[in-house]
Amino acid sequence: NQSEDKLIEYMDELEFLAFTAGATVEKRFTQRLTQPDSKTFVGKGKMEEIRDYAKEHKIGTVIFDDELSPSQLKNLEREMEVKILDRTNLILDIFAQRAQTSYARTQVELAQYQYLLPRLTRMWTHLERQKGGIGMRGPGETEIETDRRIIRDRITLLKEKLKIIDKQMGTQRQNRGKTVRTALVGYTNVGKSTLMNALSKSDVFAENKLFATLDTTVRKVVIGNLPFLLTDTVGFIRKLPTQLVESFKSTLDEVREADLLIHVVDISHESFEDHINSVNEILQEIDAHRKPMIMVFNKIDDFTYEKKDEDDLTPGSNKNISLEEWQKTWMAKSKFPTVFISALTKENFPEMKKMIYDEVHRIHISRFPYND
Ligand code: GDP
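S.K.: I'd like to hear about the confidence of the model for the chain, residue by residue, with values.
M.R.: The predicted coordinates of low-pLDDT regions are not to be read in fine detail. On average, residues of the chain score 81 in pLDDT, and 80% of them reach the 70 mark or higher. Here residues 131-139 is modelled with pLDDT under 50, and outside its nearest four sequence neighbours on either side it reaches five contacts, counting other chains as well. Between residues 314-319, whose pLDDT stays under 50, and residues either more than four places distant or in other chains, the model counts 14 contacts.

S.K.: With reference to specific residues and values, describe helix H8 (residues 192-200).
M.R.: Judged by how many residues are buried, H8 sits mostly within the fold: eight of nine residues are covered. Restricting attention to buried positions, one finds in H8 the residues Lys 192, Ser 193, Leu 195, Met 196, Asn 197, Ala 198, Leu 199 and Ser 200. Those residues of H8 that are buried lie in contact with strand S3 (181-186), strand S4 (217-223), strand S5 (226-232), strand S6 (260-266), strand S7 (293-298) and helix H13 (349-367). Where H8 ends, the next residue or the one after it, Lys 201, has phi of about 55°, a positive value.

S.K.: Now, about the pairing of S6: what can you tell me, with residues and values included?
M.R.: Most of S6 sits out of view: seven of its seven residues are buried. Pairing of S3 with S6 involves five bridges; the strand directions are parallel. Residue pairing in the sheet places Thr 182 in a bridge with Leu 260 of S6. For S6 and S7, the ladder comprises six bridges, and the chain directions are parallel. Considered in S7, the bridge of His 263 is made with Met 295. Read from S6 through helix H11 (residues 272-285) to S7, the crossover connection turns out right-handed.

S.K.: Tell me what's going on with the site of the ligand, and back it up with residues and numbers.
M.R.: Lining the immediate environment of the ligand, one finds 16 residues, of which Asn 189, Lys 192, Ser 193, Thr 194 and Asp 301 sit closest. Residue Asn 298 places a side-chain N or O atom 3.1 Å away from an oxygen atom belonging to the ligand. Contact between the ligand and Ala 343: an oxygen atom at 2.9 Å from a main-chain N or O atom of the residue. Alone, the ligand offers 580 Å² of accessible surface; in the complex the protein occludes 87% of this. The element that contributes the greatest number of residues to the shell around the ligand is H8, accounting for three residues.

S.K.: I'd like a description of the packing of helix H2 (residues 44-56) against helix H3 (residues 70-80), backed by residues and values.
M.R.: Two measures define how a pair of helices packs: the angle their axes make with one another and the distance between the axes. The N-to-C vectors of H2 and H3 enclose an angle of 50°; their axes lie 10 Å apart at closest approach. On the basis of the axis angle, H2 is oblique to H3. H2 and H3 meet at a crossing whose hand is right-handed. When H2 is examined against H3, the residues Met 47, Ile 50 and Arg 51 are found in contact with a partner set consisting of Leu 76, Glu 79 and Met 80.

Conventions used here
Residues numbered from 1 in each chain as written. Predicted model: local features only at pLDDT ≥ 70, side-chain atom pairs only at ≥ 80, totals over all residues. Heavy atoms only, no water. pLDDT = per-residue confidence, 0-100. Contact = heavy atoms within 4.5 Å. Buried < 20%, exposed > 50% of the residue type's maximum accessible area, 1.4 Å probe, protein only. Helix = DSSP H or I, 4+ residues; strand = E, 2+ residues; numbered from the N terminus. Pairing = 2+ DSSP bridges. Right-handed = clockwise from strand over helix to strand, strands pointing away. Near = heavy atom within 4 Å. Polar contact = N/O pair within 3.5 Å; in protein donor to acceptor, adjacent residues only side chain to side chain. Areas by Shrake-Rupley, 256 points an atom, 1.4 Å probe, with all protein chains shown as cover. Axes fitted to C-alpha atoms, helices over the stretch in contact; angles between N-to-C directions. Parallel < 35°, antiparallel > 145°, perpendicular 65-115°, else oblique. Left-handed = near helix turned anticlockwise from the far one by under 90°.

In structure tokens form, the structure reads like this:
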């Protein structure tokens, strides 16, 4: 059942996110609803089931695979009496842990405050409970208003700070002149940093966790005497919190202003087609979807697909599918140049480099028509 498989994949991804944030997942709950419950996201029965399980097994946190509305969050927390995290909050938390530079930290902080602002009433609920409730409504609300004001001021401040940095970065980008700019884009953990390292012989942090790269790294790469710039950017993910898209403007500007996108796909991942779609959606969101692109299908050393019959590829065994077979699929028929590689073993690197060279060269001579 296809939608059943999807559900498992989504839960796998959420578990990987939780792992990246430093949590261990003990149990998964799923529920099929045509629409999430407006008050508690899951239905009442499911909520009680989760609550009882959490109580019995002393679970500290329950994570939901979607952004919860402020009232859903409040209701769930009250009913379940455990910490409730939603997907957005989880991703923000990972970003906060991973932010290395003050620029990245500022961007994440802004996104966190924007997430927090409409959810501030939760604190008030806690206050009320702590202090016994009755008679606390007045002061509690005043406190909330004060907190809101402080946060709003902070948001304004952070936005101003980012505006200044964004401007500086814009100038920096302009100063790079006419050199052709390429950007690695792709779902998180597909191997962008590994590829960056392999192409630029630099040492960019690569790790089997989500969002190892928050800050953009720009490197000069030379293929066949042709120098160009290569940027590694923050990985994309399904349901990337909108607050993050907004505050990572400058990081995403690298993509928006690139001449050529190198879209890296982890072909060993069962959901790689979904990942491609998520990335394309985000590219559309930031208005970068009309750029020249090269599709790089990575990790061909790591297939785990079994071929049952001619048209059926199902995950599950280590029996490899040959490159020729992949190349007959829709992927190779994409309107973009397509190559299948392994960033780890460097299989088909010459082919990929030739492809990048051709594209960069084409853009290069359109800029320097007389020098070539
Ligand atoms: P990024 O998040 O897209 O930058 O991905 P990374 O470069 O950090 O790589 C994520 C994980 O995939 C790391 O554990 C890499 O070692 C691994 N990886 C990258 N390229 C390949 C590849 O071609 N084959 C295999 N088997 N693993 C790879």
